[in-house]
Amino acid sequence: MPQRPDFKTALSVIREQVQSKDFARSLRESAMLLEQNSNMAELWNLHGQSLQGLGRVAEAEACYRTGLEICNGAPRLLVQLGHLLSRQNRGEEACDCFAQAMSADATLTDAYRGLLNFRAIPLDSPEVATLLKLALDTERSRAARARALFLLGQIYTESGLDNPGFAFYEQANRFAAADLKGTREYQVSPSAAGMDRQFFSRHPRKQAAPHCPLLVVAGLPRSGKSLVETLLAQHPGVVAGGELALVRKLAASLPAQDNLHAQATRLVAQAGSPLLQLCPPLEGPEGRYLTDTSPANLSRLGWLGLLHPEVPIVLCRRAPLDLGLALFFKNFRSGHRYSYQLATIGRAVALAEKLIDHWQAALPNPLLQVQYETLVREPDVVRRELTTLLALDDTGRPEQQPRGTPQTWRIFPSRSLDSVGEISPALVGFANRFRHQLAPMMQAYADELARPRLSSPPEPRSYRERRRKRSRA
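(A) Spatial organisation of unusual backbone geometry. A positive phi angle, near 60°, is found at Ala-245, a position not held by glycine. Turning to its location among the elements, Ala-245 is positioned in the loop between strand S2 (238-239) and helix H13 (246-252). On the basis of relative accessible area, Ala-245 is assigned to the buried category, the value being 7%. The phi dihedral of Ala-391 is positive, around 55°, even though this residue is not glycine. Turning to its location among the elements, Ala-391 is positioned in the loop between helix H20 (379-390) and helix H21 (439-450). Overall, Ala-391 belongs to the exposed group, its relative accessible area being 58%.

What follows is the structure, given as structure tokens:
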């Protein structure tokens, strides 16, 4: 009989399952481990996240509360419950959870982040003093210090102290990038440039593919993808899938040894659809579309056009100054290596715009381009355009009824509003305050736009030399 993995290994597997959004498996595995170790806060946390991922919100709340009773008010469970309550528009309860977590463990920067969604933190508060102490503590990892610095940047800029606030953000990005290995440039799939209108004409599908319920919302982070998904998900025919990255996964599954045309020939000859094998089932009897908002899909949309030219695509873009600032102020938990330096951000924004223009001209799919500024100023206009694209009836759309006392979510550049926030144009032009600091970003943006090629920027010479030395060794 095969041996069961030890507890530490099993816990690591559940973490990976939650991270990859394999919530059905992580729910089963965490339930079994909880039978053996009910006093471990992390297990209750992972079990609750699995329930949340499956849309079982009431059960997730009960899970966190049970875990808090058993684990003596574990601070990380308080933070997780706070985030869950936030998404239900129960701001006062959420803030109580964050405050309790901060009281129990002042190093939990995620609690400060949750609190800032609803309340400003004054410069003369004990919380700011604590964050400064965490940022200066050389015994802590650079990633941990970066988290404190990102929060200080937000607090200072919200207080009108733009220069010191921007300096905090700069240091935060330096620390966050310090341990990165490899290129920090935005990467464009090598296949994208070769997929023009003629390419799709040369590779028609041999037979109609099975119906695919996917709806891809593509663009860089902070470009309005989550806002588009929010508008779409208000219709009962659309299910919000979040960042599923299904097109990226499809591209990764293709045989690497084949050239572009061989890959395309093989793909269109298939009777079935490998994308459907990756696509989770639609929930609810009315669901017709499942959204995928992963930024990783943008440079790989050609594979979707080959396999499913009927799948609608929404392309999101935003004024480069505002988008670049939002990326620089965002503390990404993983990926987006380009977001830590102004020059690499500028090139990334320009490349994303070139990709959007390229796909607009090349793809056979139904397309709609959404400009962030129009979206936040005229959401009803954009909603009508979206429902027209999808052939959905927009009459009788149900009003969203928030649970509990409505709370106003505060707006700042690094976060995306979701279903509990109000769409607001408040951030349009916000980056003008930092135009001087962002000059290197805008210069890199202009230089990249002037490059005729649709490809990733060349690696810096220092990185190429280090890689050659490693290969010779």
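More follows now that the structure is in view.
(B) Main features of the sheet that holds strand S4 (residues 313-317). Spatial ordering of the open sheet is given by S2-S3-S1-S4-S5, a layout of five strands whose pairing is parallel. Either end of the sheet is taken by a strand with one partner, and the two such strands are S2 and strand S5 (367-371). Sheet topology note: the S4/S5 ladder contains five bridges and is parallel. Paired with Cys-316 across the two strands is Val-370, which belongs to S5. Relative to S4, helix H18 (residues 342-362) is tilted by about 150°, and along the sheet it contacts S4 and S5.

(C) Here's a closer look at the confidence of the model for the protein chain. The predicted model of the protein chain has a mean per-residue pLDDT of 89, with 91% of residues at 70 or higher. Taken together, the stretch residues 398-406 has pLDDT below 50 and engages in ten contacts with residues farther than four places along the chain or on a different chain.

(D) Local environment of helix H8 (residues 126-136). Buried residues of H8: Val-128, Leu-131, Leu-134 and Ala-135, and no others. The buried residues of H8 occupy an angular sector of 120° when the element is viewed end-on, so they sit on one face. Pointing more than 90 degrees away from the buried face of H8 are the exposed residues Pro-126, Lys-133 and Leu-136. Buried residues along H8 sit in contact with helix H7 (109-116) and helix H9 (142-158).

(E) Layout of the environment of Pro-213. Along the chain, Pro-213 turns up in the loop between helix H11 (197-202) and strand S1 (214-218). A relative accessible area of 12% means that Pro-213 is categorised as buried. As a C-alpha pair, Pro-213 and Ser-414 span 201 residues in sequence and 31 Å in three-dimensional space. The contacts of Pro-213, once residues within four sequence positions are left out, are Leu-276, Cys-279, Leu-282, Arg-288, Tyr-289 and Leu-290.

Each value, and the rule that gives it
- Residues numbered from 1 in each chain as written.
- Predicted model: local features only at pLDDT ≥ 70, side-chain atom pairs only at ≥ 80, totals over all residues.
- Heavy atoms only, no water.
- Helix = DSSP H or I, 4+ residues; strand = E, 2+ residues; numbered from the N terminus.
- Buried < 20%, exposed > 50% of the residue type's maximum accessible area, 1.4 Å probe, protein only.
- Pairing = 2+ DSSP bridges.
- Contact = heavy atoms within 4.5 Å.
- Axes fitted to C-alpha atoms, helices over the stretch in contact; angles between N-to-C directions.
- pLDDT = per-residue confidence, 0-100.
- Arc of directions from axis to C-beta.

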